[in-house]
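One-letter residues, chain by chain:
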There are 2 protein chains.
Amino acid sequence: MKNFLCYSLIINLILNMSVSEASIKIHTYVTKNNVKVFYVVSPSIPMIDIQIMFDAGSSKDGNYNGLSSMTHIMLDEGTSKHTNEEINYVFESTGSIFNASSSKDKSKISLRSLVDEEFLNPSIKMLKDILSKASFPSEALKLHKERSMAFIEESSKDPAEIAINTFYQSLYNKHPYANPTEGTKKSVGKITRNQLIDFYKKNLTRENAIIAIVSPFDLPDIKKITDDISSSMNSYADEKKTNKHKSNLLDAAEQKHIYKKFPSSQAHIYIGQLGIKRGDKRNLPLYIANYIFGGSGFNSRLMNEVRVKRGFAYSVYSYFYPLQDLGPFFIGVETKADQANDVTQLINNMIKEYIEEGPTKKEVDYAKNAIINGFPLKLDSNADILSYISMIGYYDLPEDYLTTFIHNISEVTHKDIVDAMNSVLKPEKLLTVVVGNEKSKIKK
Amino acid sequence: MKNFLCYSLIINLILNMSVSEASIKIHTYVTKNNVKVFYVVSPSIPMIDIQIMFDAGSSKDGNYNGLSSMTHIMLDEGTSKHTNEEINYVFESTGSIFNASSSKDKSKISLRSLVDEEFLNPSIKMLKDILSKASFPSEALKLHKERSMAFIEESSKDPAEIAINTFYQSLYNKHPYANPTEGTKKSVGKITRNQLIDFYKKNLTRENAIIAIVSPFDLPDIKKITDDISSSMNSYADEKKTNKHKSNLLDAAEQKHIYKKFPSSQAHIYIGQLGIKRGDKRNLPLYIANYIFGGSGFNSRLMNEVRVKRGFAYSVYSYFYPLQDLGPFFIGVETKADQANDVTQLINNMIKEYIEEGPTKKEVDYAKNAIINGFPLKLDSNADILSYISMIGYYDLPEDYLTTFIHNISEVTHKDIVDAMNSVLKPEKLLTVVVGNEKSKIKK
């Protein structure tokens, strides 16, 4: 089989030689009106994935939490030229798929279409219409608000949702990351059509956008498509626009424990603190550090101590979620209510010990090896590639991020990991949130 | 690093993956000990996806609802040779991904790995160990039962879950499809280690299995891999084994309305009846019929009447879910509690009218065109292909299902659709389930 693999690699290499050198790199282009484009040429699939990202996530909600989310949900509800039915008719009859959504930092509008002009042209025309002339009809807004408020109401009866929302609220306090992307029942209830229009005109603009594309097209076609799309985008010169990497976030002054009573026999626990931004040089060392601690599934320290040795929980994990501003580092675990105290104490002690003593050399070697071996399997579709290049484009990561990832992981040293952990993790300032019945109440 | 170039090549090949429709030819092979294999050669990705399907879903639970699900969840918790940590170490250190789960009819065990022997051999060895010697350790079972019961407890506070469970219970009565795959809190609480072992030995057997593979390998390698895997499978000759396509299911004798009170301002509604089996010749005509009625998103009749014209709901959909036995046809919608009556009446009338009058010629042409144009975009990854060939293999569908799908859709006539609808849909026997606060109570 090994011979087969080599043979197969060589054959494929030869067959793909003409496109290999071009494909391995993420290409960039800046449209005539200044929108940056990141694209990958994937020549053998007659399909195009277009994703337009805006710096317009829920952190731009201002006083109306849920505004970004609702603006994006409402985008295909109508334009000044077309009704919702007409919009959906065009996408559906051409087999195209349109989506729009927002997260904490960024929002995105995506279109998947066959590349044949017969399908692609009408879809792109409609995409442009949505980008330039969305009309946010009042009747559709009424339905979406009802639906969203019902969803939020139902989430408010879910102890896992209560716990994670409490964690974000307490960690981020008055920073916009404190708020759930979908808003609260109260804030969504107050959203008006005029607010959506205002948010759309000020935030879903060419100044605020980048475009990511995976398709068989080379530069001339990419130019044509992206110049066309970006020409339709609204423009808004925001003179007060702040540096997007500026942060006023501070870690808590001291350890903080929050308990919320909920009639659930299972306690939902989050423990964490502020982590790092996207693009931080410590990202890969911390990725490895976390992999060892709680990111790797069964062989992590957390799983070993919490589950294997003590049977406290079915699962426990940790991760860094780097954002434009300082994203959270957190540990999540569920356990029986009467074990909540033991579990939170154990995890707090483990973090302290891990930072003081660092990982072993064996742990680091194992983690690097497993991360490297697992990486290629994460890229098996255009959608995966699109998701990576979107992230790379949006967060200003190096354009060779994908092709250098494995090499860069292999270069991280034990010292890099220990230094990164020491500069970021602060066990004396951890936030702990527990939601569950009375037995899970934290003994401080 | 020595491997760096190799990985660059692999990534490059992944970026150039090809899954064009023409190349999706399904091959078959029967292993030495009689397990049928369905495989697709996807030459440019050095990755293998293996899926073993068993006729061992929750419909085989017998008196212990949740047994199939728990058996599969517990598979990687230990074997007579390896602990859970050792099992996970092998998969993780080679970058492989192992999964096991069950649904109503079938269950599946899957492995994704790089094709290089260095990674593939240890993963397959461990897969074989799991297939032949799973040990279902008691301590892990205790944790999984707790976790599962907590999950079920939390679901029982979700009106959407209550509604769909009530729908299945009422539609299927004493048939195994009536039960949720994960079981009930009571039934899961009673599951013992011996029951898992018994279920495993009798159901996860070579007599009960088929294998689906998407990889760069041709027949000689497929033979080697699948003969190897199937040689490790347990054997159990079940003399009482029933014909899997025999059905005792009957439609309800008359219309049935069920109301469950729940303190939710949004009513959750399911309306439906028994539909068809997988492999039924009426599948494609009904697929088109349903596409027009409620399967197509915005341009469906349901969306037009329920949402566009009346603003009753944010979304409404319908589908057929063909199973080994008669699967359900159902419509799902959420609306404000005080509109529940109007919505259920409207939908009941719409079904009646649709069956009496049939779709228009224009609707049929539009639907066929949209289904055909959208089809290629559904097959953009090995995972998609694997999912299709698994379904084709498990339900004895024609091996050219994928390559003939578009042609077969184009051949369906208006008469085929009307005939299929008339023979399957029975508006006078519809089941309606409503869950919501008092305002949503059904006026019969």
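Look up: the structure comes first, before these words.
All values reported here derive from a predicted model rather than from experimental measurement.

A.B. asks: How should I be thinking about the relation of the copies chain B and chain A in this particular structure?
C.D. replies: Mapping chain B onto chain A leaves a residual RMSD of 0.1 Å; the transformation is a rotation of 180° accompanied by 0.0 Å of translation along its axis. Taken together, the rotation and translation relating the two chain copies correspond to the operation of a two-fold axis. The fraction of interface residues of chain B whose copies in chain A are also interface residues reaches 79%, indicating that both copies meet through the same surface.

A.B. asks: Which parts of the structure should I look at to understand the interface of chain B and chain A?
C.D. replies: Quoted interface sizes are often the accessible area lost when the parts come together. At the junction of the two partners, chain B supplies 81 residues and chain A supplies 83 residues. Between chain B and chain A the total buried area reaches about 7,300 Å² when both faces are included, carbon and sulfur atoms providing 59% of it. Summed over the shared surface of chain B and chain A, the number is six salt bridges. Across the pair Arg147 of chain B and Glu334 of chain A runs a salt bridge whose closest N-O atoms are separated by 3.2 Å.

A.B. asks: Before we go on, may I ask you to explain the sheet that holds strand 1 (residues 27-30) of chain B in this structure?
C.D. replies: Within a beta sheet, neighbouring strands are joined by backbone hydrogen bonds and run either parallel or antiparallel to one another. All names here are of chain B. With respect to topology, six strands assemble into an open sheet ordered 1-2-6-3-5-4, the strand pairing being mixed. Each of the sheet's edge strands pairs with one partner strand only, and the pair in question is strand 1 and strand 4 (97-102). This sheet shows a mean twist of 15° between the axes of neighbouring strands, independent of strand direction. Across six bridges, the pairing between strand 3 (residues 47-54) and strand 6 (residues 209-215) is antiparallel. If you follow Ile52 over to strand 6, its bridge partner there is Ile211. Relative to the sheet, helix 4 (residues 117-133) contacts strand 3, strand 4 and strand 5 (107-114), its axis offset from that of strand 5 by approximately 160°.

A.B. asks: I keep staring at the pairing of strand 5 of chain B and nothing clicks. Help me out?
C.D. replies: The side chains of a regular strand alternate, residue by residue, between the two faces of the sheet. All names here are of chain B. A large share of strand 5 lies buried, amounting to seven of its eight residues. Bridge count between strand 3 and strand 5: eight bridges; the pairing is antiparallel. When the sheet's bridge partners are listed, Phe54 is paired in strand 5 with Ser107. Relative to strand 5, strand 4 is paired through six bridges, and the arrangement is antiparallel. The partner of Ser102 across the bridge, within strand 5, is Ser107. Linking two consecutive strands that pair antiparallel, namely strand 4 and strand 5, is a turn of four residues.

A.B. asks: What's the story with the pattern of salt bridges in this structure? I'm lost.
C.D. replies: Side chains bearing opposite charge may pair, as long as their charged atoms lie close to each other. Counted under the stated rule, the structure contains 38 salt bridges over all chains. A salt bridge links Lys336 of chain B to Glu146 of chain A; the shortest N-O distance between them is 3.4 Å. Within this pair, whereas Lys336 of chain B is found in strand 10 (residues 328-336), its partner Glu146 of chain A is found in helix 6 (residues 138-155), the two belonging to separate chains. Several salt bridges share partner residues, and in doing so they unite Lys142 and Glu146 of chain A together with Lys336 of chain B into one network.

A.B. asks: Explain the packing of aromatic side chains here, please?
C.D. replies: Each aromatic ring pair is described using two quantities: the centre-to-centre distance and the angle formed by the ring planes. Counted by the stated rule, this structure contains 38 aromatic pairs over all chains. Geometrically, the ring pair formed by Tyr270 of chain B and Phe330 of chain B is edge-to-face, given 5.8 Å between the ring centres and 70° between the ring planes. One end of the pair, Tyr270 of chain B, is in strand 8 (residues 266-274); the other, Phe330 of chain B, is in strand 10, with 60 residues separating them in the sequence. Judged by its relative accessible area of 2%, Phe330 of chain B is buried. Plain terms: the ring middles of Phe375 of chain B and Tyr388 of chain B are 6.3 Å apart, the flat faces sit at 75° to each other, and that makes the pair edge-to-face. Taken together, the residues span a long stretch of sequence, with Phe375 of chain B in the loop between helix 13 (361-374) and helix 14 (382-394) and Tyr388 of chain B in helix 14 at a distance of 13 residues. For the pair Phe375 of chain B and Tyr388 of chain B, a shared accessibility class is recorded, and that class is buried. Of the aromatic side chains, those joined through ring pairs into one cluster are Phe167, Tyr168, Tyr172, Tyr177, Tyr270, Tyr317, Tyr319 and Phe330 of chain A. Positioned above the aromatic ring of Tyr168 of chain B, the side-chain terminus of Lys104 of chain B is 4.3 Å from the ring centre.

Conventions adopted
- Along each chain, numbering runs from 1 in the same order as the chain's sequence is written.
- Chains carry letters and ligands carry numbers; both start at the beginning, A for chains and 1 for ligands, and go up in the order they are written.
- The predicted nature of this model means local features are confined to residues of pLDDT at least 70 and side-chain atom pairs, given and counted, to a pLDDT of 80 or more, with totals for whole chains, interfaces and linings taken over all residues.
- The side-chain values count all of the structure's non-hydrogen atoms but skip hydrogen atoms and water molecules.
- Overlaid copies result from least-squares superposition on C-alpha atoms, with residues included only where pLDDT is at least 70 in both.
- The criterion used for residue contact is that any of the two residues' heavy atoms lie within 4.5 Å.
- Defined in terms of a 1.4 Å probe, buried area is the accessible area two parts forfeit on being brought together, summed over both.
- Each reported salt bridge corresponds to a side-chain nitrogen of Lys or Arg within 4 Å of a carboxyl oxygen of Asp or Glu.
- The pairing criterion for strands is at least two bridges between them, as found by DSSP.
- Numbering of helices and strands starts at the N terminus; helices are DSSP runs of H or I of at least 4 residues and strands are runs of E of at least 2.
- Between N-to-C directions, angles span 0 to 180 degrees; the directions come from axes that are lines fitted to C-alpha atoms, helices contributing only their stretch in contact.
- Categorising residues by exposure relies on relative accessible area from a 1.4 Å probe, with only protein chains included: less than 20% of the type maximum marks a residue as buried, more than 50% marks it as exposed, and the intermediate range marks it as partly exposed.
- By convention, a stacked pair of Phe, Tyr or Trp rings (six-membered ring in the case of Trp) has centres within 6.5 Å and planes under 30 degrees apart, an edge-to-face pair has planes over 60 apart, and any other such pair is tilted.
- Comment: the charge-over-ring label is applied if NZ (Lys) or CZ (Arg) is within 6 Å of the ring centre and within 35 degrees of the ring normal.

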